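# Observations on chain architecture
Below are the chains, spelled out letter by letter.
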Amino acid sequence: MNIKKLILLATLAFPVTAWSQATEEQFYKELACISREIETLSGSFTQTKEFRSLDVKVVSKGKFHYARNREIRFDYTVPYEVGLVVDDLTVKITSGDKTTTYVLKDQKNAMAEMASIMNYCMKGLLYELKAGYDLAYAGDGPYHRVIVKNLKEDPANVFDRIDLKFTRENYALEEMVISEKSGYITTYVFGNLAVNVAR
């Protein structure tokens, strides 16, 4: 009797496992396909930075713009006006009349990690992160969720995990939560999207 139950459970579990894997593969393929069509993407964002052990939150707001194969730009308007432009090689931060440029690969901080991972998301190449990160996918109601963790434990790693939330409807990145080892948690929520697709 117990063997029959075990066989029945194994039989029922197998299709569910195969379906989950197909859904994950389908997500990465569809994200890549949709992203290839996007020429530009813009909208608004709200960034909330908090520290786990303190009851303090700093909220920033602004606009973002993505141009395929060129750059991702964040223009903060609240509480301060600051510009952040990321391309494949550099990060440029503009405050007032001063612009500081950093080589992206030399940076080991949450901003550089966020910029790099967003770049992969926007290009639809999220699956390529598997070379250096562990990706855990979950289809959750109206969302696709991907948790990004470093493959190797390294003191230089600045974050514990990055949680990405994509809409099922159009595969848009709606939320990104960066949990840093230092205890900081930074949440980006994206909205008011305007998309220009290739014709």
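Since this is a predicted model, take the numbers as computed values, not measurements.

The next subject is the overall build of the chain. Looking only at helices and strands, the chain features two helices and eleven strands. A burial count over the chain gives 36% of its 199 residues as buried. The long-range share in the chain, meaning contacts at least 24 apart out of those at least 6 apart in sequence, stands at 43%. Put simply, the chain shows about 12100 Å² of open surface, and 55% of that area lies on carbon and sulfur atoms.

A word on the sheet that holds strand E4 (residues 82–86). Either a parallel or an antiparallel arrangement is found when strands of a sheet pair, and the pairing is made through backbone hydrogen bonds. With respect to topology, eleven strands assemble into an open sheet ordered E6-E5-E4-E3-E2-E1-E11-E10-E9-E8-E7, the strand pairing being antiparallel. Looking at strand neighbours, the two that pair on one side only are strand E6 (98–103) and strand E7 (133–140), the edges of this open sheet. When strand polarity is set aside, the average angle formed by the axes of neighbouring strands in this sheet is 20°. Two strands pair when backbone bridges link them, and strand E1 (residues 38–51) and strand E2 (residues 57–67) are joined in this way by eleven bridges, in the antiparallel orientation. Residue pairing in the sheet places serine 42 in a bridge with histidine 65 of E2.

This next bit is on the packing of aromatic side chains. One pass over the structure, following the stated rule, counts twelve aromatic pairs. With 6.3 Å between their ring centres and 35° between their planes, phenylalanine 64 and phenylalanine 74 make a pair best called tilted. Separated by ten residues along the polypeptide, phenylalanine 64 in strand E2 and phenylalanine 74 in strand E3 (residues 71–78) bring together distant segments of the chain. Just as phenylalanine 64 is buried, phenylalanine 74 falls in that class too. Through a chain of ring-to-ring contacts, the aromatic side chains of Phe45, Phe64, Phe74, Tyr76, Tyr188 and Phe190 assemble into a single cluster. Positioned above the aromatic ring of tyrosine 143 is the side chain of lysine 165, whose terminal nitrogen or guanidinium carbon lies 4.3 Å from the ring centre.

For the rest of this paragraph, the subject is the environment of histidine 65. By secondary structure assignment, the location of histidine 65 is in strand E2. Judged by its relative accessible area of 30%, histidine 65 is partly exposed. Sequence-distant contacts of histidine 65, that is, excluding residues within four places in its chain, are made with Thr40, Leu41, Ser42, Glu71, Ile72 and Arg73.

Tallied over the entire structure, the rule returns eight salt bridges. Here arginine 161 and aspartate 163 are joined by a salt bridge, their closest N and O atoms 2.7 Å apart. On the basis of relative accessible area, aspartate 163 is assigned to the partly exposed category, the value being 22%.

A few words on the nonpolar core. Soluble globular proteins tend to pack their nonpolar side chains together in the buried interior. Phe74, Leu126, Val146 and Leu164 are the most contacted members of the largest nonpolar core, which totals 40 residues. Not counting chain neighbours up to four residues away, the residues in contact with leucine 126 comprise Phe27, Tyr28, Leu31, Tyr120, Cys121, Leu135, Val146, Leu164 and Phe166.

Attention shifts here to a nonpolar patch on the surface. Taken together, the side chains of Leu54, Val56 and Val58 define a hydrophobic patch exposed on the protein surface, amounting to about 270 Å² of accessible area. Position of leucine 54 relative to the elements: it lies in the loop between E1 and E2. Given a relative accessible area of 51%, leucine 54 falls into the exposed group.

Attention now moves to the pairing of strand E11 (residues 184–197). Looking down a regular strand, the side chains alternate between one sheet face and the other. Pairing between E1 and E11: twelve bridges, direction antiparallel. Paired with leucine 41 across the bridge in E11 is valine 195. Of the strand pairs in this sheet, strand E10 (residues 173–180) and E11 are connected by five bridges, and their pairing is antiparallel. Counterpart to glutamate 175 in the pairing with E11 is valine 189. Between E10 and E11, which pair antiparallel one after the other, the connecting turn spans three residues, and glycine 183 there sits at a positive phi close to 110°.

Thresholds applied
Residues numbered from 1 in each chain as written. Predicted model: local features only at pLDDT ≥ 70, side-chain atom pairs only at ≥ 80, totals over all residues. Heavy atoms only, no water. Helix = DSSP H or I, 4+ residues; strand = E, 2+ residues; numbered from the N terminus. Buried < 20%, exposed > 50% of the residue type's maximum accessible area, 1.4 Å probe, protein only. Contact = heavy atoms within 4.5 Å. Areas by Shrake-Rupley, 256 points an atom, 1.4 Å probe, with all protein chains shown as cover. Pairing = 2+ DSSP bridges. Axes fitted to C-alpha atoms, helices over the stretch in contact; angles between N-to-C directions. Phe/Tyr/Trp six-rings, centres within 6.5 Å; stacked < 30°, edge-to-face > 60°. Lys NZ or Arg CZ within 6 Å of the ring centre and 35° of its normal. Salt bridge = Lys/Arg side-chain N within 4 Å of Asp/Glu carboxyl O. Core = buried A, V, L, I, M, F, W, Y, C linked by side-chain atoms within 4.5 Å. Patch = residues over 30% accessible without salt bridge, like charges linked within 9 Å, V, L, I, M, F, W, Y side chains within 5 Å.

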